[in-house]
Amino acid sequence: MNGISVWSVVGLAYGTALGFAGVIGGFGGFLLVLVLGLLGLLAGRAVAGEIDVAGVWDSLANRKRPTA
């Protein structure tokens with residue numbers, strides 16, 4: 001794409017979606033689109049194998065346990 005990275009286009013599209021959500025749904029709509037977009041990003045990276053979900057889950061579980 002002539003020097004334009006795909007992540008730049010994805011960022012532009014996501015920013016545009018957040019802008020429309022902010023205009024149409026106010027701050028609540030903006031936050032909803034932001035949270036759902038981040039969850040979708042994490043799910044996509046997990047499906048692609050870029051994130052080890054079991055490792056993340058284990059590290060969160062170990063952080064909650066008292067070490068004493």
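It should be noted that the structure appears before, not after, this text.
Caption draft 1: Just the pattern of salt bridges, in detail. Scanning the entire structure with this criterion turns up 1 salt bridge. Glu50 is the salt-bridge partner of Arg45, the closest N and O atoms lying 2.9 Å from each other. With a relative accessible area of 37%, Arg45 lands in the partly exposed category. Owing to a relative accessible area of 52%, Glu50 belongs among the exposed residues under this scheme.

Caption draft 2: Focus on the packing of aromatic side chains. Scanning the entire structure with this criterion turns up 1 aromatic pair. On the basis of an interplanar angle of 20° and a centroid distance of 6.1 Å, the ring pair of Phe27 and Phe30 is categorised as stacked. Linking Phe27 with Phe30, this pair stays in helix α1 (residues 6-47), spanning 3 residues, or about one helical turn. The class of Phe27 is exposed, set by a relative accessible area of 61%.

Caption draft 3: Spotlight on a nonpolar patch on the surface. A cluster of nonpolar side chains, namely Val6, Trp7, Val10, Leu38 and Leu41, defines an oily patch on the protein surface of about 510 Å² accessible area. Here Trp7 lies in helix α1. Note on Trp7: relative accessible area 62%, which makes it exposed.

Caption draft 4: Highlighting α1. If you check α1, its first and last C-alpha atoms are just 19 Å apart, much less than what 42 residues at 1.5 Å a residue would give, namely 62 Å. At Gly25, α1 shows its strongest bend, of approximately 145°. Those residues of α1 that fall on the buried side of the exposure criterion are Leu18, Ala21 and Gly29. Gly49 sits one or two residues past α1 and shows a positive phi near 85°.

What counts and how
Residues numbered from 1 in each chain as written. Predicted model: local features only at pLDDT ≥ 70, side-chain atom pairs only at ≥ 80, totals over all residues. Heavy atoms only, no water. Salt bridge = Lys/Arg side-chain N within 4 Å of Asp/Glu carboxyl O. Buried < 20%, exposed > 50% of the residue type's maximum accessible area, 1.4 Å probe, protein only. Phe/Tyr/Trp six-rings, centres within 6.5 Å; stacked < 30°, edge-to-face > 60°. Helix = DSSP H or I, 4+ residues; strand = E, 2+ residues; numbered from the N terminus. Patch = residues over 30% accessible without salt bridge, like charges linked within 9 Å, V, L, I, M, F, W, Y side chains within 5 Å. Areas by Shrake-Rupley, 256 points an atom, 1.4 Å probe, with all protein chains shown as cover. Expected span 1.5 Å × (residues − 1). Bend = angle between axes of the 7 residues up to and from the residue.

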